[in-house]
Structures are given as structure tokens and as C-alpha cells.
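Observations on chain architecture
If you want the building blocks of each chain, they are given just below.
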Amino acid sequence: MAPAGFRSQLPALTPRRKPRFAARLACPLRSPPLCPLQAGRQDCSGTARGLERGARRALARSPAASSRTAGRPASPRKHGAMARVLIVGAGLTGSLCAALLRKETAQSLHISVWDKAGDSGGRMTTVSNPHNPQSTVDLGAQYITRTPHYAKKHQSFYDELLAHGILEPLISPIEGMVMKEGDCNFVAPQGVSSIIKHYLKESGADICFRQCVTHINLRNDKWEVSKETGSAEQFDIVVLTMPVPQILQLQGDIMNLSSEIGPSLVIHTSVPFGVAHLEHTIESVQELIFQQLEIILPGLPRPVATRCQKWRHSQVTNAAANSPGQMTLHLHPFLVCGGDGFTQSSFDGCVASALRVLEVLKHHI
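For the structure given in this document, a descriptive report is provided here. All figures in this text were calculated on a predicted structure; none of them were measured in a lab. (Residues numbered from 1 in each chain as written. Predicted model: local features only at pLDDT ≥ 70, side-chain atom pairs only at ≥ 80, totals over all residues. Heavy atoms only, no water.)

Scanning the chain from N- to C-terminus turns up eleven helices and 18 strands. Out of the 365 residues belonging to the chain, those deemed buried represent 31%. In the chain, the share of contacts with a sequence separation of at least 24, taken over all contacts with a separation of at least 6, comes to 67%. For the chain, the accessible surface area stands at approximately 23,000 Å², while carbon and sulfur atoms represent 56% of it. (Helix = DSSP H or I, 4+ residues; strand = E, 2+ residues; numbered from the N terminus. Buried < 20%, exposed > 50% of the residue type's maximum accessible area, 1.4 Å probe, protein only. Contact = heavy atoms within 4.5 Å. Areas by Shrake-Rupley, 256 points an atom, 1.4 Å probe, with all protein chains shown as cover.)

Below you can see the structure in the form of C-alpha cells.
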């Protein structure tokens, strides 16, 4: 790493290091489509983590957070003013959130629930025969399975729905059903959407359908929510319960809270691999890394951006001899070398070198 003219004079300044490669991938989000006739699955774990990181970054930038950090409280609502809460999505999560807010919070709240559909339910939707309203069918979830893990944890919810006749045990056989030990299945005799309607009724919320949210912006310490039709409205609290891909489509200040791509993925090669491919082109090594990655994580989406880094000098194998932490090359004017090449390749090795450099500098300043 030293200039060529220094090599003959300072052979100890070229400690042997292990070469390595590192590839950084930014992976896109690819959510599978939801079939209306089948309960589909969305793998949003990466998205959720991206949203969480983005929210933490944006929270640190928000005026309210800044004022709290500086020791000044955020602007409070006027004494006695009722907080306005908007829940976007009239599915199971949204309806239950509304009901729990009404039941568990002592503060008076004005709760609104918006959904872009024409009725509540989300992916627990029940529709009626247009010729006979008594004939219904569930287009989303067909039945509910209670596992042993949640049998006690969520017992009060099941007990409430059973007591109101909204749920009852499923006794009819279903072709292809896989039963695990301890599982218990329930069906909703009035349709699975009756669960959502029960929670919405309990919440006492203002329910508005065909309200498609398009923008969410910060306005005077409140959230201004715009929709496809009608005027924008302001709320103190907004809860988004629709599918994550729909959250990512929202415009406005909310875009600064989340990322449209999944997490970055870093792949480090082994030292023997680095030695064997040290003089190969970056493109050829990157393709080898991709091939191995496909074996480890089959089906991983192709990245939206990649960078393959060749570390010709990666780890110190033999530190410079007889020079613990530093090497003084010239006294007047003063010239000193430091780094992990004079200690070891670790955080503490670099700290030790910096302290040794500081020690010798003190005598020449």
C-alpha cells in the first residue's frame, strides 16, 4: 500500500493481507398478487423492516420529535379537545383496533374508519346472492384456526365471539384440511365478515366506504389525509392497516417514512475464494456469487442495484515487526505511520494504533 519508492526502504510496511470480495445488493419488493377466490399470502417481512427503519429516521426529523429532543414538549392539543383518529382499512385488524381504542383508552376519541371498498371485511368479505340475500358466501377466509399458542393468549376474543354467536365450532369435514394436534377450527354462521361488523359496531366509529387515500402530509403537527374524492381532512393519529404494497403507493410526506425497496443484502466471500479469484474480473466474480446465492436463497428477486467490492488488502496476517502500533519514519519534519498493519485487524487493534500515534505525536507538537 506504500508508494513504490518506499518499498525498498521499508519492507516491514507491507504486511501480508488476505483478499476478499463483498457484494452489496439492494433487493426490490415483489408481492404476489392476491386472488379474490383464495386466501393468498404476502411476504412483507422485508417491507415491514424497511418501514420501521424509515419511520425511525423520519421520526428523528419530524418537528415534534426535534422539540422533544431539545427538551421542549410538542405542541399539545387544546385542553379538552377530542383527539381525531383515522384508521385506514376496514378489515379485521382495522376494526379490532377501533374497538380496542374505544374500550381500552380513557381519553375521549373521535374515531373514523375509511376503506376504499364498498363494504367492510377486507380479505374476510362475505357477499350475498343478488336473487336471495339469505344465500351468502365467504370470498376470503373460510374458517378460523385457533392454535394452542393463542388458545390462552387470545381466549377472551374467542369467548366474546362465541358468546355472541358470531363464531361456532367447525364440525363439517373439509377436503384436504390438515389438522395439527391442539388446533381448533371455527366458522362464522352469518358470514366471516360478521366478525368485522361486530367490532366496528363496538367501536362506535364513523365508517366511510369508497374512501381511497392517496396522500398523507404533515400540517401543523397533524396528518392531512387526502383521498380521490372529497376534501382533505386532518387527524391527530393515523393507523394504516391495508396491505403493505398499498401503503407503499401512498404519496406525500409519508414517502419519507418508508422505502420502496427491500433491505440491502451483503455477501462476503471466504479468504480462500478471494485468493483464488483475486485477479479475475469483477463481473465474473459477481456472477459466481450470484450463482452461489441462488443455491442458498432460491427464488430471491434480482437486485435493483449491485456493487461488487474487491478488497485486495482485507485482513492483516503478519503485522509489522518491532513496531507496536506505529512506525516513525522521519523526525524533522515528523512522519509517522499507523493502522491495523502495526497491530491487528480489529476495532481494538485500530484503537491501540491511534493511541500509540497520539503518544508519539505529543512529543513533536
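The subject of this paragraph is the nonpolar core. Counting 23 residues, the largest nonpolar core has V113, L167 and I195 as its most contacted members. Of all the secondary structure elements, the ones that give two or more residues to this core are strand 2 (83–88), helix 4 (92–104), strand 3 (109–115), helix 6 (155–163) and helix 7 (193–203). With four residues, helix 7 is the single largest residue contributor to this core. By size, the runner-up hydrophobic cluster in this structure holds eleven residues, among which are W114, V213, V225 and M242. (Core = buried A, V, L, I, M, F, W, Y, C linked by side-chain atoms within 4.5 Å.)

A few words now on the environment of D183. You can see D183 is positioned in the loop between strand 7 (168–169) and strand 8 (184–187). For D183, a relative accessible area of 18% translates into the label buried. Along the backbone, D183 and P148 are 35 residues apart, and their C-alpha atoms lie at a distance of 6.2 Å. Setting aside anything within four residues of it in sequence, one finds D183 in contact with T145, R146, T147 and P148.

The strand order 9-3-2-13 describes an open sheet built from four strands, whose pairing is parallel. Each having just a single partner strand, strand 9 (206–209) and strand 13 (237–240) make up the two edges of the open sheet. Taking each pair of neighbouring strands and ignoring which way they run, the sheet shows an average axis angle of 20°. Sheet contacts for helix 4: strand 2 and strand 3; angle to strand 3, the most-contacted strand, approximately 175°. (Pairing = 2+ DSSP bridges. Axes fitted to C-alpha atoms, helices over the stretch in contact; angles between N-to-C directions.)

Pairing in this open sheet of three strands is antiparallel, and the strands run 6-8-7 from one edge to the other. Each edge of the open sheet carries a strand with a single partner, namely strand 6 (144–146) and strand 7. In the sheet, strand 6 pairs with strand 8 via three bridges, with the strands oriented antiparallel. What sits directly across from I144, in strand 8, is F186.

Looking now at the pattern of salt bridges. Enumeration according to the criterion identifies six salt bridges in this entry. Two residues, K197 and D119, come together in a salt bridge whose shortest N-O distance is 3.6 Å. Taken together, the residues span a long stretch of sequence, with K197 in helix 7 and D119 in the loop between strand 3 and strand 4 (126–129) at a distance of 78 residues. In this structure, the salt-bridge partner of E224 is R219, at a minimum N-O distance of 3.7 Å. With a relative accessible area of 34%, R219 lands in the partly exposed category. (Salt bridge = Lys/Arg side-chain N within 4 Å of Asp/Glu carboxyl O.)

Any link to function would need more than the numbers given here.
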